[in-house]
Amino acid sequence: PEYPKLAGQHPEYLAKQLTEFKEGKRKNAIMNGMAGALTPEDMRNIAAFYATKKAKDGVAKSPELVAAGERIYRGGIAKKSVPACAACHSPNGAGIPAQYPRLGGQHSDYTASQLTQFRDGIRKNSLQMSQVAAKLNDREIKALADYIAGLN
């Protein structure tokens, strides 16, 4: 669960992430090494391959967290100026090709880790996500991650 589900992800998003791993804009010891040997054509081919696969449905774990996560995902947090996740990632978590990744069904541990890395300035390859995540506390991140895991 600490690694993302890539099946069904938008190919443009996957190719962008591979490019950013290769260029060092996104840091991960395993992925930086893997992407370092790839050509742009390799990246497009890998992205196209995963885009054609069907992702396995995810499952939320905590009804209490899911309710809080759904409120944030669908409506944001007005008092903190946190926009609704659904505005960019779509109401069903399908994302918007070439702009925003599919989130629905993603492992909650992975989603929580990425939001925390954006918040803490470790992951820096999306200014928009860094700005949004900077306003989230640990409980809000956990709730969002759990809701997203069950969003299929």
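For the structure, see preceding data.
Residues numbered from 1 in each chain as written. Predicted model: local features only at pLDDT ≥ 70, side-chain atom pairs only at ≥ 80, totals over all residues. Heavy atoms only, no water.

Which parts of the structure should I look at to understand the side chain of serine 130?
With respect to the helices and strands, serine 130 occurs in helix α7 (residues 127-133). Assessed through its relative accessible area of 17%, serine 130 is described here as buried. Setting aside residues up to four positions removed in sequence, serine 130 forms contacts with Phe118 and Arg123. (Helix = DSSP H or I, 4+ residues; strand = E, 2+ residues; numbered from the N terminus. Buried < 20%, exposed > 50% of the residue type's maximum accessible area, 1.4 Å probe, protein only. Contact = heavy atoms within 4.5 Å.)

Which parts of the structure should I look at to understand helix α6 (residues 108-119)?
Along an α-helix, residues three or four positions apart point the same way, because every turn accommodates 3.6 residues. The end-to-end C-alpha distance of α6, which contains 12 residues, comes to 16 Å, matching closely the 16 Å that a straight helix rising 1.5 Å per residue would cover. Considered for burial, the residues of α6 that qualify are Ser108, Tyr110, Thr111, Ala112, Gln114, Leu115 and Phe118. Close packing links the buried residues of α6 with α7 and α8 (138-150). Looking one or two residues beyond α6, the residue adopting positive phi is glycine 121, at roughly 80°. (Expected span 1.5 Å × (residues − 1).)

What am I meant to see in the pattern of salt bridges here?
Two side chains of opposite charge can pair, provided their charged atoms sit close to one another. Scanning the entire structure with this criterion turns up seven salt bridges. The partner of glutamate 64 in a salt bridge is arginine 139, and the shortest N-O contact between them spans 3.3 Å. Within this pair, whereas glutamate 64 is found in helix α4 (residues 63-75), its partner arginine 139 is found in helix α8, the two being separated by 75 residues in sequence. Overall, the relative accessible area of 54% leaves glutamate 64 in the exposed class. Across the pair lysine 80 and glutamate 140 runs a salt bridge, and its minimum N-O distance is 2.7 Å. With a gap of 60 residues between them, lysine 80 in the loop between α4 and α5 (86-89) and glutamate 140 in helix α8 connect regions that are remote in the sequence. Sharing partners across several salt bridges, the network here consists of Arg119, Asp120 and Asp138. (Salt bridge = Lys/Arg side-chain N within 4 Å of Asp/Glu carboxyl O.)

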